[in-house]
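Observations on the three-dimensional arrangement
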Amino acid sequence: MTSLSAPITIVRPEIIEFGVGVAPRLGTWAAAQGFSRVLVVSDGFNASRIDILELPGVITVFSQVRPEPDTDNLDLLLTVANDVRADLIVGFGGGSAMDLAKLASVLSGSAQTLREVVGAGRVAQRRRVGLAQVPTTSGTGSEAGIRALVTDPQTQAKLAVESIHMLADIAVIDPALTFTVPTATTAATGVDAMAHCVEAFTNRKAHPMIDLYAIEGVRLVGRYLARAVADGSDAQARAGLSLASLYGGFCLGPVNTAGGHALAYPLGTRWHIAHGAANALIFPHVLAFNTPAVAAKTKQVIEALNLKAGLDQASVFDASFAFCAGLGIEMRLSALGVAADDLGAMADDAFAIRRLLDNNPRELGRSDILSIYQAAY
Ligand SMILES: NC(=O)c1ccc[n+]([C@@H]2O[C@H](COP(=O)([O-])OP(=O)(O)OC[C@H]3O[C@@H](n4cnc5c(N)ncnc54)[C@H](O)[C@@H]3O)[C@@H](O)[C@H]2O)c1
Ligand SMILES: [Fe+2]
């Protein structure tokens, strides 16, 4: 772990615009590039304010992105995209909108189907359209990455597509767009961003080039999340979280998440708990479980969050649990409507997510996973 000599590939959108008030720069860029048929992929809320982006040309807005989108939602978008034949696709929303925009950019007008591109590096051709991403939550960091997630309604599993062709040409990150995010979503998505950083930092595949972003992302969340939860219009705090989210996105590409996200996914797929809320609930359990395997790095995480804990699992758990609960996040599975007799099936599902569990610094067996769900109930 964390060997400087380990090979790593870093990719980034060619242009990253960052700062309060930068949203109209997307329109300026798009006009300069000569784009004239734009498809904006958005949820209902963001679709109602696309004027902020000052986009040029003929604009079509797909406003039906659902939270944690499934393949039916993607199919609906692809029908529109195939019809519109845009030269620029813009993801404008949270991770759900940005992920669907990525998939539409490579699947619309293509002979390949979603099933044929699930996995890594399976998109056969460069996309023909431009791709821009504008995040309106600060959680997923999807604007900076090459991965998209969509739920299979049959199996309830998340299908992950990873392709360099889904990397945005430009990411426009305007923290002012996140002022309207409701308090509970702010808290949950902020912990999601932090979880990306922590899981990459303590990962089997952790790398010094990424550790730098990872620990700084944790520090930013430690410094600003409670402030943004208390006052959603605190521009400094919102900007800190937008940056933490971007850094989390930097962590996801080359290193990715691990046990925390693997255990959180069944909460979303089986019980429709929002991605951020699921990750926040699981976070203290996996941080504490992993402590014996990555003690020094866990200590750095605790310090970055400005918490007090020893190196024993109990005090790491107590401190990180109090951090999440203090943000108003619901930390009990029972209170989120999960049925007690589903915990076994949830453990089966989580245990099957090898692409993430194999990254975890400590072996998480099915019985360990079940114990965590029971403790979280
Ligand atoms: N591609 C990746 O690397 C990656 C990483 C992590 C998560 N994800 C995926 O991202 C999705 C979750 O994304 P998310 O957490 O950003 O949530 P989201 O995109 O589902 O949005 C959550 C809710 O907030 C609303 N919303 C968005 N912006 C708002 C704003 N500024 N003001 C008010 N309301 C707003 C949306 O309409 C929605 O109802 C999941 O599907 C998850 O699997 C992807
Ligand atoms: Fe996440």
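Anything mentioned here points back to the structure above.
Presented here is a report on the structure given in the accompanying data block. From a predicted model like this one, the values you see are computed outputs, not experimental measurements.

**Structural notes on the environment of D349**
Mapped onto the elements of the fold, D349 is located in helix α13 (residues 343–351). The exposure class of D349 is partly exposed, given its relative accessible area of 26%. Dropping the residues within four chain positions of it, D349 is found in contact with P266 and R270. A distance of 3.0 Å separates a polar atom in the side chain of D349 from a polar atom in the side chain of R270.

**Some points on the site of ligand 1**
Contacts to ligand 1 come from 27 residues, most closely from G95, S96, T136, T137 and T180. A distance of 3.0 Å separates an oxygen atom of ligand 1 from a polar side-chain atom of D43. Expressed as a share of its isolated accessible area of 880 Å², the protein-covered part of ligand 1 is 88%. At the level of secondary structure, the elements contributing two or more residues to the shell around ligand 1 comprise α2 (44–47), α4 (95–107), β7 (147–151) and α6 (183–201). Ranked by residue count, the leading element in the shell around ligand 1 is α4, at four residues. Class assignment of the residues belonging to the shell around ligand 1 gives a composition of eight nonpolar, 12 polar and seven charged.

**A short note on the pairing of β7**
Counting buried residues in β7 gives five out of five residues, a clear majority hidden from the surface. As judged from the five bridges shared by β7 and strand β8 (residues 158–162), these two strands associate in the antiparallel manner. Within β8, the position partnered with V150 by the bridge is L159.

**Looking at the coordination of the iron ion (ligand 2)**
Each donor-metal-donor angle in an ideal tetrahedron of four donors is 109.5 degrees, and each such angle in an ideal octahedron of six donors is either 90 or 180 degrees. Distances from the iron ion (ligand 2) to its protein donors, namely D192 (OD), H196 (NE2), H261 (NE2) and H275 (NE2), fall within the range 2.1 to 2.2 Å. Coordination at the iron ion (ligand 2) is irregular, judged from the four donor atoms that bind it and the angles of 88 to 162° they form at the metal. In the primary structure, the donors to the iron ion (ligand 2) are separated according to the pattern D-x3-H-x64-H-x13-H. Of this pair, D192 and H196 both sit in helix α6, four residues apart, which is roughly one turn of that helix. Comparing D192 with H196 shows no difference in burial state: the two are buried.

**Describing α13**
Every buried residue belonging to α13 is among L343, M346, A347 and A350, and all of these are buried. Projection of α13 onto a plane perpendicular to its axis shows the buried side chains occupying an angular sector of 100°, all on one side. Where α13 is buried, its residues meet α9 (259–271), α14 (354–357) and α15 (366–376).

**Observations concerning the sheet that holds β8**
Spatially, the three strands line up as an open sheet ordered β5-β8-β7, and their pairing is mixed. Each end of this open sheet is capped by a strand with a single partner; those strands are β5 (119–120) and β7. The sheet contact formed by β5 and β8 spans two bridges and is parallel. When the sheet's bridge partners are listed, A120 is paired in β8 with E162. Packing of α4 onto the sheet brings it into contact with β7 and β8, and relative to β7 it is tilted by some 105°.

**Re the nonpolar core**
Of all hydrophobic cores here, the largest spans 43 residues; its most connected members are V191, M194, V218, F323, L327 and I329. Those elements giving two or more residues to this core turn out to be α6, α7 (208–230), α8 (235–252), α10 (275–290), α11 (295–304) and α12 (313–326). Per-element accounting of this core gives the leading share, 10 residues, to α7. Leave out the neighbours within four places in its chain, and V218 touches M194, C197, V198, V301, A304 and L305.

**Quick word on the pattern of salt bridges**
Tallied over the entire structure, the rule returns 14 salt bridges. One salt bridge connects D234 with R227, and the closest N-O pair in it is separated by 2.9 Å. Classification of D234 by relative accessible area gives buried; the value is 15%. The closest approach of N and O atoms between R366 and D348, which form a salt bridge, is 2.5 Å. One end of the pair, R366, is in helix α15; the other, D348, is in helix α13, and 18 residues separate them in sequence. Look at D348 and you get partly exposed, because its relative accessible area is 41%. Overlapping salt bridges bring together R270, D342 and D349 as one network.

**Quick look at the packing of aromatic side chains**
Tallying each qualifying case throughout the model produces five aromatic pairs. With a centroid separation of 5.1 Å and an interplanar angle of 65°, the aromatic rings of Y213 and Y247 are classed as edge-to-face. With Y213 in helix α7 and Y247 in helix α8, this pair connects stretches of sequence that are 34 residues apart. Every member of this aromatic cluster is reached through a ring pair, and the members are Y213, Y247 and F250.

What counts, and at which threshold
Residues numbered from 1 in each chain as written. Chains lettered and ligands numbered in written order. Predicted model: local features only at pLDDT ≥ 70, side-chain atom pairs only at ≥ 80, totals over all residues. Heavy atoms only, no water. Helix = DSSP H or I, 4+ residues; strand = E, 2+ residues; numbered from the N terminus. Buried < 20%, exposed > 50% of the residue type's maximum accessible area, 1.4 Å probe, protein only. Contact = heavy atoms within 4.5 Å. Polar contact = N/O pair within 3.5 Å; in protein donor to acceptor, adjacent residues only side chain to side chain. Near = heavy atom within 4 Å. Areas by Shrake-Rupley, 256 points an atom, 1.4 Å probe, with all protein chains shown as cover. Nonpolar A, V, L, I, M, F, W, Y, C, P; charged D, E, K, R; others polar. Pairing = 2+ DSSP bridges. Donors = N, O, S within 2.8 Å, 3.2 Å for Na, K, Ca; no water. Tetrahedral: all angles 85-135°; square planar, octahedral: opposite > 155°, others 65-115°. Arc of directions from axis to C-beta. Axes fitted to C-alpha atoms, helices over the stretch in contact; angles between N-to-C directions. Core = buried A, V, L, I, M, F, W, Y, C linked by side-chain atoms within 4.5 Å. Salt bridge = Lys/Arg side-chain N within 4 Å of Asp/Glu carboxyl O. Phe/Tyr/Trp six-rings, centres within 6.5 Å; stacked < 30°, edge-to-face > 60°.

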